[in-house]
Amino acid sequence: MAITYLLQSFGAVLSPMNLAVLLISTFTGLVMGMLPGLSATMAVALLTGLTYSLSPTSAIISLIGVYVGAISGGCQAAILLNIPGTPASAATALDGFPLAKQGKGGLAVFLATTASCIGTLISVICVLAFTPLLTKLSLQFGSWEFFLLSLFGVVICGNLTSKGNAVKGWISGIIGLLVAQVGLDQVDAFPRFAFGNVNVMAGLALIPIMIGLFGFPEIIKAFKKTEEHVLKISKFKVSEGFTYIRQNTVALIRSSLIGVCVGIIPGVGEDVGGWLSYWATKSSSKDPEKFGTGEMSGVISAEAGNNSCIGGAIIPILSLAVPGSAPAAVLLAAFMMHGYRPGPLLMNESPEFLYMVCVDLFMAAVAMWMIAQLVAKFSVKILGVKKEILMPIIYVLCIVGSYVINHLMFDVKVMFFFGIVGFFLSMMEFPAAPFLLGVILGSMTDSNLRRALTISEGSFMPMFQRPICLVFLVAILALILSQFGVFEKLKRKKV
Amino acid sequence: MEAKKKLQDFLSSIVVFAVSIFILVESYKIYLKAGKVFYLSAAFVPVLLGALLLVLSVVLFLGSIKEGGVSARTTEFQEVWQAMVKDNNSLRMLTGLIMMAIYTFVLLEILPFWLATFLFMFLLMFFLDAGSITKILIITAVMDGLIVFLFQVCFRVPLP
Amino acid sequence: MQKKSLMAVVAIAAVVVVGGVFGSKFLNKEDKYPSRDINMVVPWNPGGSTDLTGRALADAMGKNMGCNIVVTNTPGAGGSVGALTVMKADKDGYNILANGMLALTAMPVLGYTENTHKDWDYYLATFTPNVLAVRADSPYQTAQDLLDAMKANPGAITDGTGGMGSGGHLGIEVLCAAAGLEYKHVTYEGGSKAITAALAGEVDFTSQLLVEMQDMFVSGDMRALANFTADDIILENGTVIPSILNFVPEMAEKLPMGETTGIAVPKGQPEQVYAALDKSFEEAVKSEDFVNFCNTKGFIINGMGRADAAEYVDKLASTVTWILYDCGVATKSPEEFGIQR
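Nothing here was measured: the structure is a model prediction, and the numbers come from that model.

Quick notes on the rules
Residues numbered from 1 in each chain as written. Chains lettered and ligands numbered in written order. Predicted model: local features only at pLDDT ≥ 70, side-chain atom pairs only at ≥ 80, totals over all residues. Heavy atoms only, no water. Contact = heavy atoms within 4.5 Å. Buried area = accessible area lost by both parts, 1.4 Å probe. Salt bridge = Lys/Arg side-chain N within 4 Å of Asp/Glu carboxyl O. Polar contact = N/O pair within 3.5 Å; in protein donor to acceptor, adjacent residues only side chain to side chain. Helix = DSSP H or I, 4+ residues; strand = E, 2+ residues; numbered from the N terminus. Expected span 1.5 Å × (residues − 1). Buried < 20%, exposed > 50% of the residue type's maximum accessible area, 1.4 Å probe, protein only. Axes fitted to C-alpha atoms, helices over the stretch in contact; angles between N-to-C directions. Parallel < 35°, antiparallel > 145°, perpendicular 65-115°, else oblique. Left-handed = near helix turned anticlockwise from the far one by under 90°. Nonpolar A, V, L, I, M, F, W, Y, C, P; charged D, E, K, R; others polar. Phe/Tyr/Trp six-rings, centres within 6.5 Å; stacked < 30°, edge-to-face > 60°.

(A) Looking closely at the interface of chain B and chain A. Each partner contributes residues to the interface: chain B has 62 residues there, and chain A has 59 residues. Carbon and sulfur atoms supply 81% of the area that chain B and chain A bury against each other, a total of about 5700 Å² over both sides. Applying the counting rule to chain B against chain A returns 0 salt bridges. Inspection of the chain B/chain A interface yields 1 residue pair in polar contact (both at pLDDT 80 or more). Looking at the side of chain B that touches chain A, the elements with two or more residues in it are α1 (2-34), α2 (44-64), α4 (88-110), α5 (113-127) and α6 (133-154) of chain B. When residues of the side of chain B that touches chain A are assigned to their parent elements, the largest contribution, 13 residues, is made by α1(B).

Following this line, the structure appears as structure tokens:
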């Protein structure tokens, strides 16, 4: 039965009309992912509207295509400009941009896109094989687990990005968490830090903050009159690229699996997936200090991690009708609009749907890889363009990107404000990435902690009794202590 | 560059400390206003975070005064500040920033998008000495048109 | 060299500005509505009942009006974040709100907004009742079990809802007021999250809307204990959801309780906007796609144009705000806003 469905779906995708749809939508996704300010969520949302009139099969193909394209596309801007195209690629920029500065931008993009493709493919396998099992896992996550997960994310990010002095990373992360608290709170709708401004009460949107935080430092730095010559992008051999990929197979697979697991958890998506995978590879590497200076495996892990979240995020959609991440949520709505009933009845009502989605994912990953190689030839040239020409254009795109989300000039002002903040952060050498992650995870931290306390009547005991929580607690403690050299001291004692 | 780092930490820890005090004060006000039991109050998480921030800023501060103490840092700061003020680069960055601000807050409010954008890109590129005037003109016009086309026509999203 | 080029720049800039300003005045004739995409704000997370109805309407009405209606989800604080966004926007017909009427009418007394239901014009589309539901392996087999447990342990049984002022919240408040019970309220960001929590067992039960849980009942993952209409509801696979009146007859006059979903625009739109919306809405709710959608998802179609809807919402607002005030959840009295009992 399964084979029939799979063959049917392949047949459907390979029809000329659908192939065209696939290629166009994947390309659109790539472009939108590349442009800082247009996120994957937006890309999927925009296309949901545009493709409504297509047949359900074609529409789903286009949506999955744009989803995969967008998550993958972000890596290009992250690597070449140090401005992540989507929050999911923030981890890629860490090692990607240094690589670009060394002239290896083309290679880095190639690695990133290949890793993205493979990550997506691995997640497809997981969707096919493990959907029921993984669904059970996602249900184990209750409010305590979400709270600790968000703390864990911020702590990791702080450790990863601050080149030794994690305190700065944590400060950055905590300020990010605080920024997320601004506005009407999720539990009681109590206005916090709003100072009476109605726009602020609605909360500060993530994308403008991201654009400002990462974009401004780059743009402002470009104003300096420097004699810096434009970097030459050295050509690279595709075979060389594949060698790197093969060398990092373990990291690839591990990152993909991590990404799938992160994707399954409702509410945590591609951005966290990229970070966790990056961290896992760095921790198990023989020379962790090289990370952040242009380490290939860092780029590979981050991109595989964030792409495999796509498959992971789709799993709870199919079995529970609960989205695993923000763009997945839009996808869910689109599925329902086209008459499918994701949820426990899916396998009874439309069993072919699962296979169709998997095939679409597979094809989208392949299409994305091919198109990305073509696009990369052009995008890499962007680094060759003089900063003076590039930056004003990028700034305009930043403005457009911030505006397009809610059609509010307020968001543009938010972007500007956080741009200044980002500038100071970079001047004082505070990493911006934990800040961003804090903003993403802030409301999750807040509402889950308070919800958990509501249920437990103020007691923190459940946190110490639930297995997943204990794992998180130990991990967080270990991460914090490792920064203060506790482990080195212990090792020295033993020796 | 260790000295530069210490100075950065010194300055930033003071700023962060101030921010954390602000947070704690505001959160306390929220707690009073919300009137709920503390651990359920909207102020709970901000207070926790503010307190953490306070502690971390102190840690950072202590780390930054390790060699030379406060007096050494203040002297360094004055030196750096003098150098910065005289530096041509700082002036350029500031001007560029002001141009961006004018574009964002003034131009976009009073002029239609394509016009404001055109002006901004043109003037900024000129200021940065991006090339000959004709070159700038062409690039600006093309990019402006491209952006408007892409977003308003292809993606059908309204522009500012 | 510098002076000359600077002058050239200034000259060019001046020409561009003058030409641009005049040119745009010339070309700016936006007479026809809609001449560009309409933004529909759904103030809840995607996948919930409001979101689905909004999207279905967006699709049907968009086709009818010949434009794209783009849906943006702006969740937060019981729907008020999204509502405020639409309220603040220009009154040019390009920003409309899709919301559940329970949530919208409750906003002023919960202290979320200053404006009330009287500041909007409505087009109502669908209705779906509250349902008390537990996960399949919950100890509560019937509604009576649950109600008895609540009586024996006041304030200890947890109900997961989609937030303060959500359909689930209001339903349970009405029940508790009528039956004299107390429960513990645990809020989530939207109906689907609350249902997942009930499924996972983090909360004892949920009082959310039928449409959000229907598939779970049919598949057997969750058990429906009672519905908040006067009749028993029979699902497609024969599952019977008894009416709450079997257990709490005192609720008769408050029923049906559930969420009515539709579109709202702030009052004061231009005439042509109203004309266009009136017409396309009327046709949308009759359109085949929309009817199919409602039948599949389990919505009851309850289409009302502006005039009827205004009356309906007025009555609903009165019920909702006073319920909230009487049970102590509302921070402000409905009287402050001129809402009668």
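Now, onward.
(B) The arrangement of helix α11 (residues 249-264) of chain A in detail. Residues and elements named next belong to chain A. For α11, which comprises 16 residues, the first-to-last C-alpha distance of 23 Å matches the rise-based estimate of 22 Å (1.5 Å per residue) to within 8%. Residues of α11 that are buried: A251, L252, S255, S256, G259, V260, V262, G263 and I264. On the buried face of α11, the contacting elements are α5 (90-139), α10 (238-247), α12 (270-283) and α13 (296-320).

(C) A look at the packing of helix α2 (residues 49-65) of chain C against helix α9 (residues 271-286) of chain C. Residues and elements named next belong to chain C. Running from N to C, α2 and α9 cross one another at 120°; their axes reach a closest spacing of 9 Å. By the angle between their axes, α2 is oblique relative to α9. Handedness of the α2/α9 crossing: right-handed. Taking contact as the criterion, the partners of L57, A60, M61, N64 and M65 in α2 are, on α9, A276, L277, K279, S280, F281, E283, A284 and V285. Grouping the amino acids of the contact of α2 with α9 by side-chain chemistry returns 9 nonpolar, 2 polar and 2 charged.

(D) Structural context of the side chain of A:T114. Residue and element names in this part refer to chain A. Along the chain, the position of T114 falls in helix α5. T114 gets classed as buried once you look at its relative accessible area, which sits at 4%. A polar side-chain atom of T114 sits 2.6 Å from the main-chain carbonyl oxygen of F110.

(E) How the structure looks around the packing of aromatic side chains. Within the structure shown, the criterion is met by 25 aromatic pairs over all chains. Centre to centre, the rings of A:Y278 and A:F291 are 5.7 Å apart; their planes meet at 80°, and the pair counts as edge-to-face. With a gap of 13 residues between them, A:Y278 in helix α12 and A:F291 in the loop between α12 and α13 connect regions that are remote in the sequence. With relative accessibility at 1%, the residue A:Y278 sits in the buried group. For A:F291, a relative accessible area of 8% puts it in the buried group. Between A:Y395 and B:F120, the ring centres sit 5.5 Å apart and the planes meet at 55°, which makes this aromatic pair tilted. Taken together, the residues A:Y395 in helix α17 (residues 387-406) and B:F120 in helix α5 connect one chain to another.

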